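Notes for the structure review
Chain by chain, the residues:
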Amino acid sequence: MTFDRNFFFGYLLLLFTGFILISSASLYTGDNLVGNPFHFAKRQLLYIVLSLSSFIIVLSIPIKLWHKHSGHLLLLAIGLLITVLLVGKSVNGSTRWLPLGFMNVQAAEPAKLLFFCYIAAYIHRRRAEVVGEFKGFIKPFAVLSIFSFLLLKQPDLGTVIVIYGTTLGLLFIAGAKLWQFFGIFFTGITGISLMIFFEPYRWARVTSFLDPFAEPFGSGYQLVQSLIAYGQGGYFGKGLGNSVQKLGYLPEAHTDFIMSVVAEELGFFGLSIVVLMNMFIAFKSFFIGNKCFSQNKFFDGYFAIGIGFWMAIQCSINLGASAGILPTKGLTMPFISYGGSSLITMSIALSIVLRIDYERRARDSKIANKKTIYQSSTTPNNRTS
């Protein structure tokens, strides 16, 4: 076996599941906006085709090229974030999208992947500094500060939290000292808290999250409707397609809050299965990355683990926001929420992980073959007198 088939089929299952759930969640919105209940389902099918095409293309790219060009990819990521501020399309007060005609690309999605590629290469190259010196630990956060500044200009605090958490996780895996780790952790938490406190709309989100029923038709409206969906779903749900909240009551029912519709239609058990599917892919990425460390392929390992952290953190934040555990953030549920940027970028990320696993298995097979040849050449029957 030259690749992890469970990982690959898990990816395909997520694509199929996401399409079914989006088709259900977007029926009312599509009919209300454009007079076609399957409008968003058709567009999502196009994004799936583009995602699979991207997956196949990226699968043929050797990992050494990602490593070699990690610095250039970082500059490309920064260029994307600057471009979107200059010529991007604004939606609901946020400038996050680059219009390409047939679809709008959210620049932060590919930028995240390219940033994690750079961080993996940096840790591989400067691991001794990261472990032994504070400057080696702090340098990645200088780059992260540039990213954060550009993202907050959009504004997009959710993506800042994802890349901050993933970077912190990678540095911890690399062996950074605990006092350094917790120092940066609490510095980051303090910075995020200050950004929330001094920005009125962010502060309103936090206060409405703490008590959404204080203003059920004002700042707490979306979360109240989301919680109603969770409550109506119970353990087993009302059945696929039978959500009431998606009928104009719950804003963003097919995007950021699709898990509320999943909870209402499929219940606690159905929601748990969808979450576990995402977590399976994330933990598979951790497993593949850890296997690479045993071959001293540290860039491969850090890159795979970084993608796993990314999926796990984003999944947790999206689910927490829709369930009222965390303040509302504009982050999609990987492979489940409607949208092309996230789906295509995540597909490319998983293609990279599968390529990492393929190359790891090829190296293992090569080593095993060398051992077999050596053992057969040293047996008594093959020795020359």
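What you see as residue numbers is a count from 1 along each chain, following the sequence as written. Per-residue local features of the predicted model are confined to residues with pLDDT of at least 70, and side-chain atom pairs are confined, for both listing and counting, to 80 or more; whole-chain, interface and lining totals are unaffected and use all residues. Values reported for side chains reflect all heavy atoms of the structure, with hydrogen atoms and water molecules removed beforehand.

A word on the overall build of the protein
The condition that has to hold: Helix and strand definitions follow DSSP, with helices as H or I runs of at least four residues and strands as E runs of at least two, each counted in order from the N terminus. Between buried and exposed lies partly exposed: a residue is buried under 20% and exposed over 50% of the maximum accessible area for its type, with that area taken using a 1.4 Å probe on protein chains only. Residue contacts are counted whenever heavy atoms from the two residues lie within 4.5 Å of one another. Each accessible area is a Shrake-Rupley estimate made with a 1.4 Å probe; only the visible protein chains count as cover when residues are assessed. Two residue types count as positive, namely Lys and Arg, and two as negative, namely Asp and Glu; His and chain ends fall outside the count. To locate a charge, the coordinates of NZ of Lys, CZ of Arg, CG of Asp or CD of Glu are taken.
For the protein, the helix and strand inventory stands at 15 helices and 3 strands. Overall, the protein is about 90 × 45 × 40 Å in size when its C-alpha atoms are taken along their principal axes. For the protein, with 385 residues in total, the buried portion stands at 50%. Here the analysis covers contacts within the protein between residues at least 6 apart in sequence; of these, 72% occur between residues at least 24 apart. A total of about 17800 Å² of accessible surface is found on the protein, and carbon and sulfur atoms cover 67% of it. In the protein, the 31 positive side-chain charges and the 17 negative ones have mean positions that sit 13 Å from each other.

Digging into the pattern of salt bridges
Using the following cut-off: The term salt bridge refers to a side-chain nitrogen of Lys or Arg lying within 4 Å of a carboxyl oxygen of Asp or Glu.
Counted by the stated rule, this structure contains 9 salt bridges. Notably, a salt bridge pairs Lys 112 with Glu 109, separated by 3.3 Å at the nearest N-O pair. Linking Lys 112 with Glu 109, this pair stays in helix α6 (residues 108-125), spanning 3 residues, or about one helical turn. Residue classification places Lys 112 among the buried residues on the basis of a relative accessible area of 1%. The salt bridge partner of Asp 357 is Arg 361, with a shortest N-O separation of 2.7 Å.

A short note on the sheet that holds strand β1 (residues 89-91)
Under the convention used in this document: DSSP-based pairing: two strands are paired if at least 2 bridges between them are found. Each axis is a line fitted through C-alpha atoms, taken for helices only over the stretch in contact, and angles between the N-to-C directions span 0 to 180 degrees.
Here we have 3 strands laid out as an open sheet, ordered β1-β2-β3, and antiparallel in their pairing. Lying at the two open borders of the sheet, with one neighbouring strand each, are β1 and β3 (104-106). Going from strand to strand, the sheet's axes swing by 50° on average, the running direction of each strand aside. Bridge analysis of β1 against strand β2 (residues 94-99) gives 3 bridges, and the strand direction is antiparallel. Across the sheet, Lys 89 pairs through a bridge with Trp 97, a residue of β2. Contacts from helix α5 (residues 70-87) reach β1 and β2, with the element oriented near 100° to β2.

What to know about the confidence of the model for the protein
Counted only if it meets this: Note: pLDDT gives the predictor's confidence per residue, expressed from 0 to 100.
Looking at the protein as a whole, the pLDDT averages 88, with 94% of positions reaching at least 70. Per-element confidence in the protein ranges from a low mean pLDDT of 72 for helix α11 (residues 200-210) to a high of 96 for helix α4 (residues 63-68).

Quick look at helix α10 (residues 178-197)
We count it as follows: One fewer than the residue count of a helix, multiplied by 1.5 Å, yields its expected span. The directions from the helix axis to the C-beta atoms are what the arc is built from.
Helix length check: α10 (20 residues) gives 28 Å between terminal C-alpha atoms against 28 Å at 1.5 Å per residue, within 8%. For α10, the full list of buried residues reads Gln 180, Phe 181, Ile 184, Gly 188, Ile 192 and Ile 196. Each buried residue of α10 sits inside an arc of 135° when the element is viewed along its axis, so together they form one side. Opposite its buried face, α10 presents the exposed residues Leu 178, Trp 179 and Thr 187, each directed more than 90 degrees away.

Some thoughts on the packing of helix α9 (residues 157-174) against helix α14 (residues 298-322)
For clarity, the cut-off: Convention used here: angles under 35 degrees read as roughly parallel, angles over 145 as roughly antiparallel, angles from 65 to 115 as roughly perpendicular, and any remaining angle as oblique. Each crossing gets its handedness from the near helix: less than a right angle anticlockwise from the far helix is left-handed, clockwise is right-handed. Three categories are distinguished: nonpolar for Ala, Val, Leu, Ile, Met, Phe, Trp, Tyr, Cys and Pro, charged for Asp, Glu, Lys and Arg, and polar for the others, with Gly belonging to the last.
In the contact formed by α9 and α14, the axes pass within 9 Å of each other and the chain directions differ by 140°. On the basis of their axis angle, the class for α9 and α14 is oblique. Remark: the crossing between α9 and α14 carries right-handed chirality. In this structure, α9 uses Ile 161, Val 162, Gly 165, Thr 166, Gly 169, Leu 170, Ile 173 and Ala 174 to contact α14, whose residues at the interface are Tyr 302, Ile 305, Gly 306, Phe 309, Trp 310, Ile 313, Gln 314 and Ile 317. The residue makeup of the contact of α9 with α14, split by class, is 11 nonpolar, 5 polar and no charged.

Comments concerning the environment of Asn 318
The topology assignment puts Asn 318 in helix α14. Placed 59 residues apart in sequence, Asn 318 and Met 259 show a C-alpha to C-alpha distance of 8.2 Å. In this structure Asn 318 touches Asp 256, Met 259, Leu 331, Thr 332, Met 333 and Ser 337, once residues within four positions along its chain are discounted.

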